[in-house]
Amino acid sequence: MNEIHAHLTSSAAEAARVTRGVTPEQLAGPSGCTDWTVRELANHLVLYTAHGLEHRALRTQLPDDLVAHDFTADADWPEQYAAQLDRALAAWAKPEAWDGDIDLGGGNTVPAGEIAAMLLAELALHGWDLARATGQDFNLPDDTGTYLLDVVERYAEMYRAYEGFAAPTPVAPNAPVFTRALATSGRTI
């Protein structure tokens, strides 16, 4: 397996751990992400970092009914999320998942490895958002934090253009690498 898959795996394990710590009472609270509740953030996380991750590897579109689904309505949604993450990681474990480009629609294609890197950022950053909103920690190995920082720096301006990232926030230059990735993405530490 390649480097990105290893980073996806460690980030997925941490995101699954965090979702298991979310209480039903917390779902209605604010998430820290503009105008999203914890429920909306959790649904976004499940949809794009588990289902979306698998569908990108398989080169299939997310079904409309899945896009509209409230995953958190099921009492065992954290376990369902963890199982879906496992399926997504298994899809990316196949060598053919990394071949060629992935169609994003409208004739826009991106190399498979770059899509996986962007989904890693989605997984780690929104996993951290969910952890923070629910009073938990989100920890990644240093090598994953280093890789994530590179991805965030590479795509920061594009994400800002689509209002996915805010302006970078101040952080000490010697801060842990994951903290620097969060700050570069505009998150307030």
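Scroll up a little and you will see the structure.
Residues numbered from 1 in each chain as written. Predicted model: local features only at pLDDT ≥ 70, side-chain atom pairs only at ≥ 80, totals over all residues. Heavy atoms only, no water.

Draft legend 1. Structural view of the packing of aromatic side chains. Under the criterion given, the structure shown has three aromatic pairs. Between the aromatic rings of F138 and F178, the centroid separation amounts to 6.0 Å while the plane-to-plane angle is 35°, which identifies the pairing as tilted. Residue F138 is located in the loop between helix 5 (112-133) and helix 6 (142-161), and its partner F178 is located in helix 7 (residues 177-184); the two are separated by 40 residues in the primary sequence. For the residue pair F138 and F178, the accessibility class agrees, reading buried in each case. (Phe/Tyr/Trp six-rings, centres within 6.5 Å; stacked < 30°, edge-to-face > 60°. Helix = DSSP H or I, 4+ residues; strand = E, 2+ residues; numbered from the N terminus. Buried < 20%, exposed > 50% of the residue type's maximum accessible area, 1.4 Å probe, protein only.)

Draft legend 2. Local environment of the pairing of strand 2 (residues 108-111). Judged from the four bridges that link them, strand 1 (residues 101-105) and strand 2 form a sheet pairing that is antiparallel. Within strand 2, the position partnered with D101 by the bridge is P111. Following strand 1, the chain reverses through two residues before pairing antiparallel with strand 2; G106 in that reversal takes a positive phi of roughly 65°. (Pairing = 2+ DSSP bridges.)

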